[in-house]
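Commentary on secondary and tertiary structure
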Amino acid sequence: MASSHSSPSSSDSLTIVSNDEHQPPRLTFKLDHDDIVRAENDETLYWSDVHRKTSDADLFHRASSTKERLKGDIEGVFYKLSDSKIRRLQHGRRPSDPEPSKRLKLRLAGRAQPGEDEVTLTDSILIACNDTHSVRKIQAEIDKIEWLKHEEYAPVYVYLEKRIES
């Protein structure tokens, strides 16, 4: 499960990066800010726990269109993983992952640079997996998608999350 920081929140822990119409919205947080979460098994990946499409839809235009296009490109990988012999052995008969459309979460997310005490978050897509086999397979598929390399599309982060909400 992801770990959140418990340091007290202060108004100077958040910087809103002004942007023009050609740049996606970005927020910069101190790494100890209460409103961001770090992926449990990835010390550089952070996302906002409070900025979501339901409450801040204007922040997610780019990620929303990326998600719609991405669904068709990676849906087959999700289904192959669900039927995979390796995963059945790892997880037994219990369902291990949510449906593919529920796996693609819109969040403000970003990677912290080593030695920095801040992270800049932008509209992104998070894909949580509950085993490293799935992380590798999905990341490999994401890496093959050429159109995702253009800045007009939101970044996609694949990470290990031992317990995934279905």
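Summarised in this report is the structure supplied together with it. Just so you know, these numbers come straight off a predicted model, no measurement behind them. (Residues numbered from 1 in each chain as written. Predicted model: local features only at pLDDT ≥ 70, side-chain atom pairs only at ≥ 80, totals over all residues. Heavy atoms only, no water.)

1. Describing the overall build of the protein
The helix and strand inventory of the protein stands at four helices and eight strands. When burial is assessed residue by residue, the protein has 44% of its 166 residues classed as buried. Long-range pairs, those at least 24 residues apart, make up 68% of the contacts in the protein with a sequence separation of at least 6. Summed over all atoms, the accessible surface of the protein reaches about 9,700 Å², with 46% contributed by carbon and sulfur. (Helix = DSSP H or I, 4+ residues; strand = E, 2+ residues; numbered from the N terminus. Buried < 20%, exposed > 50% of the residue type's maximum accessible area, 1.4 Å probe, protein only. Contact = heavy atoms within 4.5 Å. Areas by Shrake-Rupley, 256 points an atom, 1.4 Å probe, with all protein chains shown as cover.)

2. Remarks on the pairing of strand S6 (residues 104-111)
Of all eight residues in S6, six are buried; the element is thus mostly enclosed. By the bridge criterion, four bridges tie strand S5 (residues 45-52) to S6 in an arrangement that is antiparallel. Following the sheet pairing, Tyr46 is matched in S6 by Gly110. Where S6 meets strand S7 (residues 118-129), six bridges bridge the pair, whose relative direction is antiparallel. Along S7, the bridge assignment pairs Ala109 with Thr122. Hairpin connection from S6 to S7: six residues lie between these consecutive antiparallel strands, with Gly115 at a positive phi of about 85°. (Pairing = 2+ DSSP bridges.)

3. Section: the pairing of S7
Of all 12 residues in S7, 10 are buried, a share of seventy percent or more. One ladder, built from five bridges, connects strand S3 (residues 26-30) with S7; its direction is antiparallel. Across the sheet, the residue bridging to Lys30 is Glu118, located in S7. Inspection of the sheet shows S7 paired to strand S8 (residues 156-160) by five bridges, in the parallel sense. Opposite Leu126, over in S8, you have Tyr157 as the bridge partner.

4. Quick word on the packing of aromatic side chains
For any pair of aromatic rings, the description consists of the separation of the ring centres together with the inter-plane angle of the planes. The final tally for this structure, using the stated rule, is two aromatic pairs. Aromatic side chains Trp47 and Tyr159 sit 4.9 Å apart centroid to centroid with 40° between the ring planes, which places their arrangement in the tilted category. On the criterion of sequence distance, the pair formed by Trp47 in strand S5 and Tyr159 in strand S8 is long-range, its members being 112 residues apart. In terms of burial, Trp47 and Tyr159 fall into one category: buried. Plain terms: the ring middles of Trp147 and Tyr153 are 4.7 Å apart, the flat faces sit at 70° to each other, and that makes the pair edge-to-face. Tyr153 carries the same exposure label as Trp147, and that label is buried. (Phe/Tyr/Trp six-rings, centres within 6.5 Å; stacked < 30°, edge-to-face > 60°.)

5. Focus: the nonpolar core
Core analysis: the biggest nonpolar cluster contains 33 residues, and Leu70, Ile74, Val119, Ile127, Ile138, Ile142 and Leu148 have the highest contact counts within it. Ranked by the residues each element gives to this core, the list is headed by helix H1 (residues 61-82), at six residues. In this structure Ile74 touches Leu104, Ile127, Glu141, Ile142 and Ile145, once residues within four positions along its chain are discounted. (Core = buried A, V, L, I, M, F, W, Y, C linked by side-chain atoms within 4.5 Å.)

6. Details of the pattern of salt bridges
Counted under the stated rule, the structure contains seven salt bridges. Measuring nitrogen to oxygen at the nearest pair gives 2.9 Å for the salt bridge that ties Asp123 to Arg62. Here the residue Asp123 occupies a position in strand S7, and Arg62 occupies one in helix H1, the gap between them amounting to 61 residues. Its relative accessible area of 1% is what places Asp123 among the buried residues. One network of salt bridges, with partners in common, ties together Lys30, Asp117 and Glu118. (Salt bridge = Lys/Arg side-chain N within 4 Å of Asp/Glu carboxyl O.)

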